[in-house]
Every structure is written in structure tokens, then in C-alpha cells.
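Given next are the chains, with one letter for each unit.
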Amino acid sequence: MSDRSATRVLLQPSWVLLPDGSVARDTAVLVAGPRIEAVLPAAAAAGVDAERVDLPGHLLIPGLVNLHTHVGAGPIGRAVSEDFPLPAGMPFYVPLSRLWQHAYDESVVERYRSIVEWDLLGMLRTGTTTVLNHASTDTEGYLELAVRSGVRTFAGPTVPMDVAHRLGRLEGGATRRDDSTASEVQATQLAGFRELAQRWEGRADRITLVLGPAAVHAVDYAVLEAVAEISAELGSRVTTHLCQAPGELAETDRRYGLTPLRVLEKVGLANERLVAAHGTYLPEQDLELAASSGITVVHCASRKAKEAVVSPSVAFREAGIRVGLGTDGFSCDMVEELKFAAVLGKIGTGRTDTPTAADVLRTATATNADALGRDDLGRIRAGALADLVAVDLRGPAVAPVLDPVQSLVYYGNGRDVSFSMVHGEPVVRDGRVRTLDQDRVATAAADALGSIWTEAIERGLLDDVLQAPSGLALPMEPRA
Ligand SMILES: [Zn+2]
């Protein structure tokens, strides 16, 4: 192999998703270094000097972007309280906050990293190539692991870190939240952001730092103003939670006499750099501001569905609001999230023709990339970065294929991903993540989760949600 071909890879799938939403047949994609050099007819690719990757029966799509999650938090809370009887409007995280508080304790940090790695493995395995991580703890530990795993990430620490402050806890069937992190502590945490960004920005060409105030009602006003100032100065994205639960609106109204979005507008954060998760209870009178300000509202379909809630994502889009898609932890499979977004969108609108499979796939690729200010991601065209995913549509639960995008969204899942690359470098080959030692990661994560859950049960941290734990067996198998 010549030096030149060593850096060039020719992907030859059955179908390629193009930026206009059409699906091309007999088309190859040539990758040179970190970028897509050309999208060309298969016949024209015959003489190209490059390593060839044959992907028969595969649809090649841009790498999926998970626009809202808390890496590591999800596996800790998985299958603990999914069927718990939540009071109406209570977010799903509230019964789990004491478990997370324990898992984020400094004494647990090494074990927590094993779980972060397991979460990253799950995301890469199922077709995610870019993650916006609203880090729940140990941001730099996460960034280390992200570099090692090969994922592209936008990430930043949640302000404030303290779980009791930002999530509250379950008390007498209701959410109880106290402002337990002082304003000065929040300000100090934020003050470290510039240095953090300097240390990490651009590492391995895949790291971008973002600011992460937890939510309007949980962050000191002066700290929100400082976030706006840093974001304007550095051009950093800001990620937060917005109108996730009714209690958040009541608290903000009590404090400011304003809706959460109006507070964000007042401090200078309601702009195109804001990526705000949920928006479920965004008041009608704020729809126009959400649209005109250019913010992105991130739909987290599966997360809210567990609370028996369908967020009005289609109505937001029809009002001109940019709507992205994320998992918000628990599930890390963005292909499953596409399915949730499509079918819950239909339930929400009462219409079968919206959103379509093509709509939700565009959301998870180009729209999510746009929300991050990156038109060089999320589309397959010459010059874009080579973050690419190939999904095998030949399986018995998926084929036959008439419309590859519908087949993917309605019948596939992330385990059908057999190939991916990030920044032109291979991550998944033959359905296995090649950048991580899968068996080591699985063993370490099983040990970590087993010990954290055992401690949580012994200390009564799960008494609210677990009457009689029946599981705690962790045969974790990385092949998915
Ligand atoms: Zn979240």
C-alpha cells in the first residue's frame, strides 16, 4: 500500500444519505485524512487509489450527534426506577438523586470513570460520533476518556455540581430542592472555565468546551450573567435545562416574576449559542422568543416518555424553533431515540405523516450539528469532516428494504451499526468498538456498578424506589 492510499479510505455502501435528504445508490465516499474528499459514482471510484471498505446492504449516514446527555449518569440509574409511580410532572431523576449523589462522591471517582467508559462504549457501538456532555462530575476525567475512546465531544461541567442543589430529592411524594451551593462557590466553579477550556480545547481535534449552568432556577443570577459574558467572549456554546418540569417555572416566577426563557433573555443567554434540553413546559407566550432568538431546544423523547410525557417537539418546530435530539442518559442508543422521536411525535400531533423518518434523522445529524455551530459535521459532502456511520439493514428484524431511512428508523437499532469513523479514523469495525478494550471496560463497569448499588442499598439510598431488589447480577457483555 502506498503512503497516499494509507490515508485514503473508499467506503462502498449500498446506499448513501445525502445532505438534501435523498438516498443515493451506486455511490462511494472517499475519505482522506479527517475529511470527506469526494462523494462519487461507484463506477468513477474504480480507479481510485485507496483502502476499500465494502459495506453491502448498509446505509451510510453522517455520524449521529447526541445533543444532550450526562455521560456516566445513565448506566447508574438504568433499570432502577423505570416503573416507579411518579407524581404528575415529577422528573424521572428525582427518585434517583440520592443514588447519584453517592456515585459522584470524590471517593467513588475511579469507579465512576469505569462507568463513563461503559457509557462511551455504548454510544460509539450504537452509532453516536459526537456527544454533548453536560458533565455531572469529574469533567476532566471524562475528557481523558473521551480522547481515548475516539469520540468527538462538546463538554463542560454542570454549575453547580451539587446534586441536591440542582436535582432536589424525593420527600413525602414531592420534590424538595434547596439552594445548598452558595453563590460564591458557584462563581468560583465558573471562574475555572477559561483555564479548563485552554487546557482542553482542540485536543485530538475533537474536544470543545461548553458552559453548563444546570437550569435557570438552580443557578445564581450573577453566575448566569457571568456565563453569558464568557460565552460572548469565547464564543462558547451554553448548555442547560429549560422548562423541564412545572416546578421550575413556579420557582423562577417566584424569584424573578419571569419565565425561565425571559430570565435567559435578560442575562443575555437567549441566543444561537444556547442548547437547552427539554423545553417541555415552555409557555405558549415564549414560543416566538424561542424561535427568534435562535436557541436550540433539545427533544429527549425516551427520557420524557418514562414520565408519561410527550414533549411538544413538532409544535416547536412548526413555530420556527430549532429542535435537536438527545437521549439525556439512561438510553445511549441514538437510533432507538430516532424511533422514539418519530412515533411519539406522531402520537403528540395525532398525525401519521409527521414527523417522518427523514425528519428525525436530519434532526440527529445536520440540525444537531448546526446547534453546535458546525456545518462541517452532520452531512455527507466533500469537505465535511469524516464522522460516518454504516448501518447493516440486512438483518431479519429489518429487511426487506424499500426506503432505507424508514427501515433504519422504524426497524433498526444501534446494534445494527457495524462500521463507524470519527475524524476519518475508524472506531467501529465489524460491530465492535476498536478504540476500547471492550472486555476490560465491561468487567470494570460491572464491578463499579455492583459496588455502588450495593452501597446504595445498604445505606438506604434507594429505599424510596426499591421495595425488594431482585437483580444486582451484572453479566455485562460488550458485544451488544
Ligand atoms: Zn439532562
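What comes next concerns the included structure.

The rules behind the values
Residues numbered from 1 in each chain as written. Predicted model: local features only at pLDDT ≥ 70, side-chain atom pairs only at ≥ 80, totals over all residues. Heavy atoms only, no water. Helix = DSSP H or I, 4+ residues; strand = E, 2+ residues; numbered from the N terminus. Rg over C-alpha atoms; globule rule 2.2 N^0.38 Å. Buried < 20%, exposed > 50% of the residue type's maximum accessible area, 1.4 Å probe, protein only. Donors = N, O, S within 2.8 Å, 3.2 Å for Na, K, Ca; no water. Tetrahedral: all angles 85-135°; square planar, octahedral: opposite > 155°, others 65-115°. Salt bridge = Lys/Arg side-chain N within 4 Å of Asp/Glu carboxyl O. Phe/Tyr/Trp six-rings, centres within 6.5 Å; stacked < 30°, edge-to-face > 60°. Lys NZ or Arg CZ within 6 Å of the ring centre and 35° of its normal.

### Some remarks on the overall build of the chain
Then, number 1: Each helix and strand counted, the chain has 18 helices and 20 strands in total.
Then, number 2: Computed over the C-alpha atoms, the radius of gyration of the chain is 22 Å, within 12% of the 23 Å expected from 2.2 N^0.38 for a compact globule of 480 residues.
Then, number 3: Overall size of the chain, expressed as C-alpha extent along the three principal axes, is 65 × 50 × 50 Å.
Then, number 4: Counting the 480 residues in the chain, one finds 59% classified as buried.

### Concerning the coordination of the zinc ion
Then, number 1: Every protein donor of the zinc ion is listed here as His68 (NE2), His70 (NE2), His241 (NE2) and Asp328 (OD), and their distances to the metal cover 2.1 to 2.4 Å.
Then, number 2: Here the zinc ion is ringed by 4 donor atoms whose angles at the metal span 87 to 172 degrees, and the overall shape comes out irregular.
Then, number 3: Sequence positions of the residues that donate to the zinc ion give the spacing H-x1-H-x170-H-x86-D. Within this pair, whereas His68 is found in strand β6 (residues 64-69), its partner Asp328 is found in the loop between β16 (322-325) and α15 (334-349), the two being separated by 260 residues in sequence.
Then, number 4: We classify His68 as buried; its relative accessible area is 1%.

### Topic: the pattern of salt bridges
Then, number 1: Using the criterion set out here, one finds 34 salt bridges in the structure.
Then, number 2: A salt bridge links Asp286 to Arg262; its shortest N-O distance comes to 3.1 Å. Taken together, the residues Asp286 in the loop between β14 (274-278) and α12 (287-293) and Arg262 in helix α11 (residues 260-267) connect sequence positions 24 residues apart.
Then, number 3: Its relative accessible area of 28% is what places Arg262 among the partly exposed residues.
Then, number 4: Overlapping salt bridges, with partners in common, bring together Arg169, Glu171, Arg176 and Asp178 in one network.

### Points about the packing of aromatic side chains
Then, number 1: For the structure on display, the rule yields 4 aromatic pairs.
Then, number 2: Look at Tyr104 and Tyr112: their rings are 5.5 Å apart centre to centre, the planes differ by 90 degrees, and that puts the pair in the edge-to-face class. Neither residue differs from the other here; Tyr104 and Tyr112 are each classed as buried.
Then, number 3: Ring pairs connect the aromatic residues Phe92, Trp100 and Phe330, which therefore count as one cluster.
Then, number 4: The ring of Trp200 has Arg203 sitting right over it, with the charged end atom 4.2 Å from the ring centre.

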